[in-house]
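Next come the chains, spelled out residue by residue.
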Amino acid sequence: MRRSYATSDRPGQATLDELLTVLAAPAMLLSDPDGQVRPEGAQGLYVGDTRYLSRLEIGIDGVDLLTRSTRLDDAGTARFDGELGGDRAAVRLRRDRTLADGRAVELVELHNTAAHAVALRLVVRARSDLAATAVVKSGTAVDTLVPQVDLRRARWSRPGAEAELVAEPAAGEATTVGSDAVLTWPVHLKAGERWSVRLTVGPAGGMPAGFAPAKPIPWNVPDAATGYLTTLLNRSLADLDGLMLADPHAPDDRCDRFTAAGSPWFCTLFGRDSLWSARLLLPLSTELAAGTLQVLARRQGRRHDVRSEEDPGKILHEVRPGGLRAGGLDLPPHYYGTIDATSLWCCLLHDTWRAGLADDEVEALLPNLELALAWIAHTAQSTGFLTYRGSSGGGLANQGWKDSAGGVRWADGTVAARPLALCEVQGYAYAAARGGAALLNAFGRVGARQWREWADDLAARFRSAFWIDDPAGRYPAIALDAAGRPVTGPASNMAHLLSTGLLTAAEADQVADRLARPDLDGGCGLRTLSSTSAGFDPLTYHCGSVWPHDTAIAVLGLAGIGRHDAARSLGEGLVSAAAEFDNRLPELYAEIDGEIVSYATACRPQAWAAAGAVAVAGYLSGWPLPEWTRGIS
């Protein structure tokens, strides 16, 4: 059994770990496992970055409801079966929940299985605060809104947003109690009779601005996983379908899809997250990778802007149609504060080309590739490495994937001083330059030799600057700090280097040996920080927790260099952890003394966690390894 805990580094945030999520992006409905949406914490219906409903409780006057079973089929549907307590236990209540096109439909059915008639009153209580998702996440108190109510609908409004609930058939009574809309139906059921009401909730007047719902990707699944891996694979693919979004700015002849990062906090386009999700899933779909590349290319940086941190050629970090203001962040609608997304975009373009993307689609993106490579070279020019200072305003202090404020620490627990050059970012840049050179050469464009030489120079600089020796062996530092010193303390970041080609065979073996030690492989996946480090705390976001996508990258990288011993250990640990989460892996979790402990605010599902689960299940099932895991020659 897993345990949950209140996070130690993000106090006050709304928790998610015990909630049931039904989603069809950009809509997500979070409820208690019995189906009731209670006015507590993060529960509610979200569409994009707004919570449109914060309460939806269904009851029978004076009688307890007993939920007997909950079934989550695909990501967008759920069924809750129960009965009434007391002397009406023969009355069954079923709720069928479906999300589609930015709305939730709740079909509530009563069935009298008794041999006599019954009379009762069905009561629906609904509430909305139209709060920004980021404000809900922060745990800040939110004012509810007084609804306008009639027998067929309830509406809540504030400037720029409006929510509604529509009932079919109309209620017998409708009123407000405080901030709640209360709709009541008197129901008379003969023996064996059924009665139902349909509740539709969501934004009034259609979809809000932002990314559009998308149809699922037709996954090209290799030989099916077997046994215990089948459920994990199917659950993860269903969740990825639920997180799929489409670009409304795509030409009419295209349907460019990508995975939103996660539910409910990150249901939008992210550079790093969406790229890694597509890369991990590349053996199953070049279509997802192609869509992700196109969506990001349309938003590639074109100018210098201090607030958004946009630069020409740079790939963005995230899109928030209304910006994001909460928890100390103040981000514009298009925010570019990331050091790694640009290199990862170049890597994915190369990988997708090698996986069979049509030449005309690749060629159309070569101008974007050239701009991205120019940004990489310019950014590395002053120090010799891709380095970030972090935002001095309302953006992110750390701009690699471990983007929490204390995510990069020395072995003694001290937070490393910025600017920082992360080890994995140099690996991504090396692979981007080598892959970019291969593309430029194949399509007859100039610069291939220049980029191969640039990559070789980077590798030589890395070899002389990043490696650390300690009594347990050699390993690459997580980063170089502001003084150019390698930051001590083994961390999971080094695993990302295995598939980049930056390391020699001997160096890759040294990394594999270090990853296989019990301070990093605790038996339930890869720890983000060694348990020997003074800063190790599995209850933090990035300093000892386990992230499924991070583990998956390590598993595939280890397998790519032939270290199947270490790869299988980490992969099987991840699968065992997945079982504790009903095979719906969260964004992150902790492992303490062999026990899984959930991180209460972690998104679930999360795209790169689900994609990582698919990749690991495929590896353990004997699927061929993605070509990118072997680096670029």
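Refer to the preceding data block for the structure.
Being a predicted model, the structure only gives us computed values, none of them experimental.

**Description of the overall build of the protein chain**
Looking only at helices and strands, the protein chain has 13 helices and 31 strands in total. Relative to the globule expectation of 26 Å for 633 residues, the C-alpha radius of gyration of the protein chain, 25 Å, shows essentially globular dimensions. Structurally, the protein chain occupies a C-alpha span of about 85 × 50 × 45 Å along its principal axes. When burial is assessed residue by residue, the protein chain has 61% of its 633 residues classed as buried.

**Some thoughts on the packing of aromatic side chains**
One pass over the full model with this rule turns up 14 aromatic pairs. With centroids separated by 6.3 Å and ring planes inclined at 90°, the aromatic side chains of Trp401 and Trp608 adopt a geometry described as edge-to-face. Of this pair, Trp401 sits in the loop between α7 (366-380) and β26 (421-422) while Trp608 sits in helix α13 (residues 607-620), placing them 207 residues apart in sequence. Through a chain of ring-to-ring contacts, the aromatic side chains of Trp401, Tyr541, Trp547, Tyr599 and Trp608 assemble into a single cluster. Stacked on the ring of Trp628, the Lys or Arg Arg279 has its end atom at 4.4 Å from the ring centre. In this structure, Arg461 packs its charged tip against the face of Phe385, placed 6.0 Å from the ring centre.

**Quick look at the sheet that holds strand β19 (residues 212-213)**
Pairing within the open sheet is antiparallel, and its 3 strands lie in the order β19-β20-β21. Looking along the sheet, the strands with just one partner apiece sit at the ends: β19 and β21 (257-259). Two strands pair when backbone bridges link them, and strand β20 (residues 244-246) and β21 are joined in this way by 3 bridges, in the antiparallel orientation. Directly across from Leu245, in β21, lies its bridge partner Phe258.

**Section: helix α3 (residues 271-280)**
Counted residue by residue, α3 has 10 buried out of 10 residues, so it is predominantly covered. Within α3, burial applies to Gly271, Arg272, Asp273, Ser274, Leu275, Trp276, Ser277, Ala278, Arg279 and Leu280. Of the surrounding secondary structure, the elements contacted by the buried residues of α3 are β21, α4 (286-298), α5 (341-354), α8 (423-442), α11 (548-560) and α13.

**What to know about the packing of α7 against α8**
The geometry of α7 relative to α8 is characterised by a closest axis approach of 11 Å and an angle of 145° between their N-to-C directions. Seen along the crossing, α7 lies across α8 with a hand that is left-handed. For the pair α7 and α8, the contacting residues are Leu366, Leu369, Glu370, Leu373 and Ile376 in the first and Ala429, Ala432, Ala433, Gly436, Leu439 and Leu440 in the second. In terms of residue class, the contact of α7 with α8 is built from 9 nonpolar, 1 polar and 1 charged.

**Overview of the packing of α5 against α7**
Contact pair α5 / α7: the axes reach a minimum separation of 9 Å and the direction vectors enclose 140°. Here α7 runs oblique to α5, going by the angle between their axes. When you trace α5 past α7, the crossing you get is left-handed. Contact residues: α5 offers Thr342, Ser343, Trp345, Cys346 and Leu349, while α7 offers Asn368, Leu369, Ala372, Leu373, Trp375 and Ile376. A per-class count over the contact of α5 with α7 returns 8 nonpolar, 3 polar and no charged.

**Looking at helix α2 (residues 228-242)**
Over its 15 residues, α2 runs 22 Å from end to end, which matches the ideal 21 Å to within 8%, given 1.5 Å per residue. When we look at burial in α2, the residues that qualify are Leu229, Leu232, Leu233, Arg235, Ser236, Leu237, Ala238, Asp239, Leu240 and Gly242. Of the surrounding secondary structure, the elements contacted by the buried residues of α2 are β2 (20-24), β7 (65-72), β20, β21, α12 (564-580) and α13.

**A few points about empty space enclosed by the protein**
Counted by the stated rule, this structure contains 3 cavities of 30 Å³ or more. What the largest cavity holds in volume is close to 80 Å³. In terms of lining residues, the largest cavity is bounded by Leu280, Pro283, Leu284, Leu556, Val614, Ala615, Gly618, Tyr619, Trp623, Pro624, Leu625 and Pro626. Per-element tally for the lining of the largest cavity: the top contributor is α13, with 4 residues. Along the lines of polarity and charge, the residues of the lining of the largest cavity split into 11 nonpolar, 1 polar and no charged.

What counts and how
- The numbers attached to residues start from 1 for each chain and follow its sequence in the written order.
- Predicted model: local features are reported for residues with pLDDT of at least 70 only, side-chain atom pairs are reported and counted for 80 or more only, and whole-chain, interface and lining totals are derived from all residues.
- Side-chain measures here rest on the full set of heavy atoms in the structure, leaving out hydrogens and waters.
- Only DSSP runs of H or I covering at least 4 residues are called helices, and only runs of E covering at least 2 are called strands; the numbering of each starts at the N terminus.
- Here the globule rule is a power law, 2.2 Å times the number of residues to the power 0.38, and the radius of gyration is based on C-alpha atoms.
- Exposed residues in this analysis have more than 50% of their type's maximum accessible area, buried residues have under 20%, and partly exposed residues fall in between, with area computed by a 1.4 Å probe over protein chains only.
- Whether two aromatic rings pair depends on their centres lying within 6.5 Å, for rings of Phe, Tyr and Trp, where Trp uses its six-membered ring; planes under 30 degrees apart make the pair stacked, over 60 edge-to-face, and the rest tilted.
- Charge over a ring is defined by NZ of Lys or CZ of Arg lying within 6 Å of the ring centre and within 35 degrees of the ring normal.
- Strands were regarded as paired on the criterion that DSSP finds at least two bridges between them.
- The contact criterion used throughout is that any non-hydrogen atoms of two residues lie within 4.5 Å.
- Axes here refer to lines fitted to C-alpha atoms; in helices the fit is confined to the stretch in contact. Angles between the N-to-C directions go from 0 to 180 degrees.
- Crossings are sorted by hand: turned counterclockwise from the far helix by less than a right angle, the near helix makes the crossing left-handed, and turned clockwise it makes it right-handed.
- Residues are sorted three ways: Asp, Glu, Lys and Arg are charged, Ala, Val, Leu, Ile, Met, Phe, Trp, Tyr, Cys and Pro are nonpolar, and all the rest, Gly among them, are polar.
- Any angle between 65 and 115 degrees counts as roughly perpendicular, while under 35 counts as roughly parallel, over 145 as roughly antiparallel, and the rest as oblique.
- Under the convention used throughout, the expected extent of a helix is 1.5 Å for every residue step, that is, one less than its residue count.
- In this analysis the probe radius is 1.4 Å and the grid spacing 1 Å, with only protein atoms considered; a cavity is a set of points the probe fits into but cannot get out of, a pocket is an open set with protein on both sides within 12 Å along at least five of seven lines, and lining residues have an atom within 4 Å of a point.
- Grid points are joined across faces, edges and corners, and a volume is the space filled by probe spheres set on the points.

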